[in-house]
Amino acid sequence: MSQDDTKTDTKTGAQGSFAHPRYWPTWLSIGLMRLIAWLPWRLKLGIGRLIGLLAWRFAKRRRHITETNIRLCFPERDEKARARLVREAFIANGMGLVETATGWCRDPEHLRHRVTFKGQEHMVRAQAQGKGVLIIGVHFSTLDLGGALHSLFFPADVVYRPHDNPLFERFMTNARNRIFGRAIDRHDLRGVVRRIKAGNNVWYSPDQDFGRDASVFAPFFGINAATIKLTAKIARMTGAPVMPLIFHRNPDDRTYTLEYLPALQHFPSGDEVADATQVNAVIEASIRRHPAQYLWLHRRFKTRPRGEAGFY
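Residues numbered from 1 in each chain as written. Predicted model: local features only at pLDDT ≥ 70, side-chain atom pairs only at ≥ 80, totals over all residues. Heavy atoms only, no water.

Draft legend 1. Structural detail: the sheet that holds strand 10 (residues 242–249). Here we have seven strands laid out as an open sheet, ordered 3-11-10-4-7-5-6, and mixed in their pairing. The sheet terminates laterally at strand 3 (115–118) and strand 6 (183–185), the two strands that pair on one side only. Averaged over all pairs of adjacent strands, the angle between strand axes in this sheet comes to 25 degrees, irrespective of strand direction. Pairing of strand 5 (residues 157–160) with strand 6, which is carried by three bridges, proceeds in the parallel orientation. The residue bridging Y160 from the neighbouring strand is D185, located in strand 6. Strands in contact with helix 5 (residues 120–127) are strand 3, strand 4 (134–136), strand 10 and strand 11 (256–260); relative to strand 10, the strand with the most contacts, it is inclined by about 155 degrees. (Pairing = 2+ DSSP bridges. Helix = DSSP H or I, 4+ residues; strand = E, 2+ residues; numbered from the N terminus. Axes fitted to C-alpha atoms, helices over the stretch in contact; angles between N-to-C directions. Contact = heavy atoms within 4.5 Å.)

Shown next as C-alpha coordinates:
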(Lines give C-alpha, C1' and ligand atoms only; values in the text may rest on other atoms or scores of the structure.)
Protein backbone atom coordinates (compact mmCIF):
# COMPACT_ATOMS: atom_id res chain seq x y z
CA MET A 1 0.00 0.00 0.00
CA SER A 2 1.44 3.38 -0.99
CA GLN A 3 1.63 6.29 1.40
CA ASP A 4 -1.00 8.16 -0.63
CA ASP A 5 -3.46 5.29 -0.14
CA THR A 6 -3.45 5.75 3.63
CA LYS A 7 -4.69 8.75 5.54
CA THR A 8 -5.55 9.52 9.13
CA ASP A 9 -9.25 9.89 9.64
CA THR A 10 -9.45 13.22 11.49
CA LYS A 11 -12.82 12.36 13.01
CA THR A 12 -11.87 9.00 14.53
CA GLY A 13 -8.11 9.33 14.78
CA ALA A 14 -7.81 5.90 13.17
CA GLN A 15 -5.51 5.10 10.27
CA GLY A 16 -7.67 4.11 7.31
CA SER A 17 -7.20 3.13 3.70
CA PHE A 18 -8.89 4.84 0.78
CA ALA A 19 -9.64 1.30 -0.43
CA HIS A 20 -12.10 0.93 2.49
CA PRO A 21 -15.72 0.42 1.36
CA ARG A 22 -16.77 3.69 2.96
CA TYR A 23 -14.78 5.48 0.25
CA TRP A 24 -16.26 3.53 -2.66
CA PRO A 25 -19.04 6.10 -3.29
CA THR A 26 -16.37 8.82 -3.33
CA TRP A 27 -14.26 6.86 -5.84
CA LEU A 28 -17.41 6.48 -7.97
CA SER A 29 -18.05 10.23 -7.81
CA ILE A 30 -14.46 11.00 -8.80
CA GLY A 31 -14.66 8.51 -11.65
CA LEU A 32 -17.90 10.09 -12.91
CA MET A 33 -16.36 13.56 -12.76
CA ARG A 34 -13.39 12.38 -14.82
CA LEU A 35 -15.70 10.73 -17.33
CA ILE A 36 -17.97 13.78 -17.64
CA ALA A 37 -14.96 16.05 -18.14
CA TRP A 38 -14.18 14.27 -21.43
CA LEU A 39 -17.70 14.18 -22.85
CA PRO A 40 -18.68 16.40 -25.82
CA TRP A 41 -19.54 19.91 -24.65
CA ARG A 42 -23.24 19.90 -25.51
CA LEU A 43 -23.74 16.48 -23.90
CA LYS A 44 -21.99 17.35 -20.66
CA LEU A 45 -23.91 20.59 -20.22
CA GLY A 46 -27.12 18.70 -21.00
CA ILE A 47 -26.26 16.35 -18.15
CA GLY A 48 -25.65 19.38 -15.94
CA ARG A 49 -29.06 20.81 -16.81
CA LEU A 50 -30.67 17.49 -15.91
CA ILE A 51 -28.82 17.39 -12.57
CA GLY A 52 -30.03 20.90 -11.85
CA LEU A 53 -33.64 20.10 -12.72
CA LEU A 54 -33.60 16.97 -10.57
CA ALA A 55 -32.18 18.95 -7.65
CA TRP A 56 -34.83 21.64 -8.17
CA ARG A 57 -37.51 18.97 -8.06
CA PHE A 58 -36.27 16.84 -5.17
CA ALA A 59 -33.80 18.87 -3.02
CA LYS A 60 -36.57 20.57 -1.06
CA ARG A 61 -34.34 21.97 1.66
CA ARG A 62 -32.01 23.64 -0.84
CA ARG A 63 -34.97 24.88 -2.84
CA HIS A 64 -36.40 26.48 0.29
CA ILE A 65 -33.06 28.23 0.93
CA THR A 66 -32.89 29.41 -2.68
CA GLU A 67 -36.49 30.64 -2.66
CA THR A 68 -35.86 32.52 0.58
CA ASN A 69 -32.69 34.19 -0.73
CA ILE A 70 -34.30 35.26 -3.98
CA ARG A 71 -37.43 36.55 -2.22
CA LEU A 72 -35.24 38.63 0.09
CA CYS A 73 -32.92 39.95 -2.61
CA PHE A 74 -35.45 40.61 -5.38
CA PRO A 75 -38.58 41.96 -3.67
CA GLU A 76 -39.32 44.03 -6.80
CA ARG A 77 -39.96 40.86 -8.84
CA ASP A 78 -43.36 39.22 -8.77
CA GLU A 79 -43.86 35.68 -7.50
CA LYS A 80 -43.80 34.10 -10.95
CA ALA A 81 -40.53 35.84 -11.90
CA ARG A 82 -38.89 34.77 -8.64
CA ALA A 83 -40.04 31.17 -9.15
CA ARG A 84 -38.52 31.23 -12.64
CA LEU A 85 -35.23 32.55 -11.26
CA VAL A 86 -35.15 29.77 -8.65
CA ARG A 87 -35.49 27.14 -11.38
CA GLU A 88 -32.86 28.84 -13.53
CA ALA A 89 -30.48 29.00 -10.55
CA PHE A 90 -30.74 25.24 -10.01
CA ILE A 91 -30.11 24.58 -13.70
CA ALA A 92 -27.10 26.92 -13.70
CA ASN A 93 -25.63 25.26 -10.63
CA GLY A 94 -26.19 21.80 -12.11
CA MET A 95 -24.26 22.93 -15.17
CA GLY A 96 -21.65 24.32 -12.79
CA LEU A 97 -21.01 20.81 -11.46
CA VAL A 98 -19.98 19.48 -14.87
CA GLU A 99 -17.99 22.65 -15.53
CA THR A 100 -16.17 22.06 -12.26
CA ALA A 101 -15.38 18.51 -13.34
CA THR A 102 -13.97 19.89 -16.59
CA GLY A 103 -11.90 22.50 -14.79
CA TRP A 104 -10.46 19.98 -12.34
CA CYS A 105 -9.84 17.07 -14.71
CA ARG A 106 -8.80 18.65 -18.03
CA ASP A 107 -5.95 20.87 -19.16
CA PRO A 108 -7.50 24.36 -19.32
CA GLU A 109 -5.60 25.06 -22.52
CA HIS A 110 -8.23 23.13 -24.48
CA LEU A 111 -10.80 25.74 -23.42
CA ARG A 112 -8.84 28.85 -24.36
CA HIS A 113 -11.02 29.38 -27.43
CA ARG A 114 -14.13 29.49 -25.26
CA VAL A 115 -13.13 32.43 -23.05
CA THR A 116 -13.10 36.18 -23.62
CA PHE A 117 -10.93 38.07 -21.14
CA LYS A 118 -11.73 41.71 -20.37
CA GLY A 119 -10.08 44.23 -18.09
CA GLN A 120 -6.55 42.78 -18.19
CA GLU A 121 -5.26 46.35 -18.05
CA HIS A 122 -6.56 46.67 -14.48
CA MET A 123 -4.55 43.64 -13.40
CA VAL A 124 -1.44 44.82 -15.25
CA ARG A 125 -1.73 48.21 -13.56
CA ALA A 126 -2.12 46.61 -10.13
CA GLN A 127 0.85 44.29 -10.65
CA ALA A 128 2.98 47.24 -11.72
CA GLN A 129 2.93 48.35 -8.07
CA GLY A 130 5.35 45.50 -7.42
CA LYS A 131 3.13 43.64 -4.96
CA GLY A 132 0.90 40.63 -5.09
CA VAL A 133 -2.79 41.27 -5.79
CA LEU A 134 -5.76 40.13 -3.68
CA ILE A 135 -8.36 38.92 -6.18
CA ILE A 136 -12.02 38.94 -5.08
CA GLY A 137 -14.00 36.15 -6.71
CA VAL A 138 -17.74 35.58 -6.51
CA HIS A 139 -19.48 32.24 -5.91
CA PHE A 140 -20.98 31.89 -9.35
CA SER A 141 -21.73 28.35 -10.52
CA THR A 142 -18.81 28.72 -12.93
CA LEU A 143 -16.29 29.49 -10.15
CA ASP A 144 -13.94 26.51 -10.47
CA LEU A 145 -13.96 26.51 -14.25
CA GLY A 146 -13.23 30.21 -14.05
CA GLY A 147 -10.19 29.46 -11.93
CA ALA A 148 -8.89 27.04 -14.53
CA LEU A 149 -9.35 29.55 -17.36
CA HIS A 150 -7.89 32.39 -15.29
CA SER A 151 -4.68 30.37 -14.98
CA LEU A 152 -4.21 30.73 -18.75
CA PHE A 153 -3.69 34.49 -18.33
CA PHE A 154 -2.45 35.29 -14.81
CA PRO A 155 -0.98 32.98 -12.15
CA ALA A 156 -2.68 32.98 -8.77
CA ASP A 157 -3.01 31.04 -5.53
CA VAL A 158 -6.48 30.18 -4.24
CA VAL A 159 -8.00 30.20 -0.75
CA TYR A 160 -10.40 27.31 -0.21
CA ARG A 161 -12.42 25.46 2.41
CA PRO A 162 -11.12 21.90 3.02
CA HIS A 163 -13.62 19.15 2.28
CA ASP A 164 -14.80 16.93 5.15
CA ASN A 165 -14.22 13.76 3.11
CA PRO A 166 -10.42 13.16 3.13
CA LEU A 167 -10.40 11.30 -0.19
CA PHE A 168 -12.37 14.01 -1.99
CA GLU A 169 -10.23 16.62 -0.24
CA ARG A 170 -7.11 15.03 -1.74
CA PHE A 171 -8.69 14.90 -5.20
CA MET A 172 -9.92 18.50 -4.98
CA THR A 173 -6.64 19.89 -3.60
CA ASN A 174 -4.54 18.08 -6.19
CA ALA A 175 -6.75 19.52 -8.93
CA ARG A 176 -6.52 23.04 -7.55
CA ASN A 177 -2.77 22.77 -7.02
CA ARG A 178 -2.48 21.86 -10.70
CA ILE A 179 -4.54 24.87 -11.75
CA PHE A 180 -3.29 27.42 -9.24
CA GLY A 181 0.12 28.19 -7.84
CA ARG A 182 -0.95 26.94 -4.43
CA ALA A 183 -4.20 25.99 -2.68
CA ILE A 184 -4.31 27.65 0.76
CA ASP A 185 -6.59 26.60 3.62
CA ARG A 186 -8.94 29.48 4.44
CA HIS A 187 -7.78 29.37 8.08
CA ASP A 188 -4.15 29.93 7.09
CA LEU A 189 -4.05 33.73 7.23
CA ARG A 190 -0.27 33.74 7.66
CA GLY A 191 0.08 31.66 4.52
CA VAL A 192 -2.06 34.10 2.53
CA VAL A 193 -0.13 37.12 3.79
CA ARG A 194 3.21 35.44 3.19
CA ARG A 195 2.32 34.54 -0.39
CA ILE A 196 1.08 38.06 -1.22
CA LYS A 197 4.12 39.69 0.34
CA ALA A 198 6.27 37.40 -1.82
CA GLY A 199 4.57 38.91 -4.89
CA ASN A 200 1.97 36.22 -5.58
CA ASN A 201 -1.64 36.91 -6.54
CA VAL A 202 -4.21 35.28 -4.25
CA TRP A 203 -7.83 34.62 -5.23
CA TYR A 204 -10.53 34.20 -2.61
CA SER A 205 -14.29 34.70 -2.37
CA PRO A 206 -15.64 36.74 0.58
CA ASP A 207 -19.35 36.40 -0.26
CA GLN A 208 -20.39 33.65 2.14
CA ASP A 209 -21.53 33.66 5.76
CA PHE A 210 -18.59 32.69 8.00
CA GLY A 211 -20.33 33.44 11.27
CA ARG A 212 -20.55 36.26 13.75
CA ASP A 213 -17.00 36.22 15.11
CA ALA A 214 -15.35 36.65 11.69
CA SER A 215 -17.79 39.23 10.39
CA VAL A 216 -19.42 42.62 10.61
CA PHE A 217 -22.94 43.36 9.42
CA ALA A 218 -23.06 45.27 6.16
CA PRO A 219 -25.79 45.74 3.53
CA PHE A 220 -26.09 43.15 0.79
CA PHE A 221 -29.15 43.46 -1.47
CA GLY A 222 -30.54 45.83 1.15
CA ILE A 223 -30.22 43.28 3.97
CA ASN A 224 -27.78 43.36 6.87
CA ALA A 225 -25.52 40.41 6.06
CA ALA A 226 -22.66 38.95 8.09
CA THR A 227 -19.68 39.94 5.93
CA ILE A 228 -16.20 38.65 6.53
CA LYS A 229 -13.66 41.22 7.77
CA LEU A 230 -10.72 39.37 6.26
CA THR A 231 -10.64 41.25 2.94
CA ALA A 232 -9.72 44.55 4.56
CA LYS A 233 -7.42 42.83 7.06
CA ILE A 234 -5.36 41.15 4.33
CA ALA A 235 -5.18 44.39 2.35
CA ARG A 236 -4.03 46.26 5.44
CA MET A 237 -1.39 43.64 6.34
CA THR A 238 0.03 43.37 2.83
CA GLY A 239 -0.66 46.69 1.11
CA ALA A 240 -1.99 44.66 -1.82
CA PRO A 241 -4.44 46.12 -4.34
CA VAL A 242 -7.87 44.44 -4.13
CA MET A 243 -9.12 43.44 -7.59
CA PRO A 244 -12.72 42.23 -8.24
CA LEU A 245 -13.02 39.41 -10.77
CA ILE A 246 -16.23 38.34 -12.53
CA PHE A 247 -16.64 35.10 -14.45
CA HIS A 248 -19.85 34.06 -16.16
CA ARG A 249 -21.32 31.70 -18.73
CA ASN A 250 -22.55 33.46 -21.86
CA PRO A 251 -26.13 32.95 -23.15
CA ASP A 252 -24.94 30.48 -25.80
CA ASP A 253 -23.90 28.06 -22.99
CA ARG A 254 -20.69 27.40 -24.94
CA THR A 255 -18.48 30.39 -24.16
CA TYR A 256 -17.46 32.38 -21.09
CA THR A 257 -16.40 35.88 -20.15
CA LEU A 258 -13.73 36.60 -17.55
CA GLU A 259 -13.51 40.23 -16.49
CA TYR A 260 -11.38 42.24 -14.08
CA LEU A 261 -12.93 45.37 -12.62
CA PRO A 262 -10.85 48.33 -11.40
CA ALA A 263 -9.17 47.85 -8.02
CA LEU A 264 -11.13 49.02 -4.99
CA GLN A 265 -10.39 52.65 -4.16
CA HIS A 266 -9.50 54.00 -0.70
CA PHE A 267 -9.45 50.45 0.59
CA PRO A 268 -9.03 49.60 3.39
CA SER A 269 -10.44 52.75 4.94
CA GLY A 270 -10.00 51.77 8.59
CA ASP A 271 -13.77 51.45 9.03
CA GLU A 272 -14.68 47.74 9.01
CA VAL A 273 -18.33 48.31 8.13
CA ALA A 274 -17.52 50.76 5.34
CA ASP A 275 -14.96 48.34 3.90
CA ALA A 276 -17.38 45.40 4.05
CA THR A 277 -20.07 47.57 2.45
CA GLN A 278 -17.76 48.43 -0.45
CA VAL A 279 -16.93 44.76 -1.04
CA ASN A 280 -20.61 43.75 -0.88
CA ALA A 281 -21.59 46.50 -3.31
CA VAL A 282 -19.15 45.22 -5.93
CA ILE A 283 -20.32 41.63 -5.45
CA GLU A 284 -24.01 42.60 -5.56
CA ALA A 285 -23.52 44.54 -8.80
CA SER A 286 -21.82 41.49 -10.32
CA ILE A 287 -24.65 39.18 -9.27
CA ARG A 288 -27.32 41.51 -10.65
CA ARG A 289 -25.70 41.19 -14.07
CA HIS A 290 -26.08 37.38 -14.03
CA PRO A 291 -28.45 36.51 -11.15
CA ALA A 292 -29.27 32.93 -12.18
CA GLN A 293 -25.61 31.91 -12.08
CA TYR A 294 -25.07 32.80 -8.42
CA LEU A 295 -24.91 30.19 -5.63
CA TRP A 296 -28.27 31.01 -4.09
CA LEU A 297 -28.33 27.54 -2.53
CA HIS A 298 -26.03 28.85 0.24
CA ARG A 299 -27.56 30.30 3.43
CA ARG A 300 -26.07 33.74 2.83
CA PHE A 301 -28.17 35.36 5.59
CA LYS A 302 -27.80 32.60 8.18
CA THR A 303 -26.19 34.78 10.85
CA ARG A 304 -28.51 37.56 12.02
CA PRO A 305 -27.97 40.54 14.30
CA ARG A 306 -28.67 39.63 17.91
CA GLY A 307 -32.36 39.53 18.65
CA GLU A 308 -33.40 39.28 15.00
CA ALA A 309 -35.30 36.19 13.84
CA GLY A 310 -33.68 33.87 11.30
CA PHE A 311 -34.82 33.65 7.69
CA TYR A 312 -34.46 29.93 7.06
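Draft legend 2. Main features of the pairing of strand 10. Counting buried positions along strand 10 yields eight of eight residues, so the element is predominantly enclosed. Side chains V242, P244, I246 and H248 of strand 10 all project onto a buried face; the interleaved residues M243, L245, F247 and R249 project onto the opposite face, where all are buried too. With three bridges connecting them, strand 4 and strand 10 associate as parallel partners. Counterpart to L134 in the pairing with strand 10 is V242. Here five bridges tie strand 10 to strand 11, and the two strands are oriented antiparallel to one another. Bridging from a neighbouring strand, H248 pairs with T257 of strand 11. Hairpin geometry of strand 10 and strand 11 is characterised by an intervening segment of six residues between the two adjacent antiparallel strands and by a positive phi of about 60 degrees at D253. (Buried < 20%, exposed > 50% of the residue type's maximum accessible area, 1.4 Å probe, protein only.)

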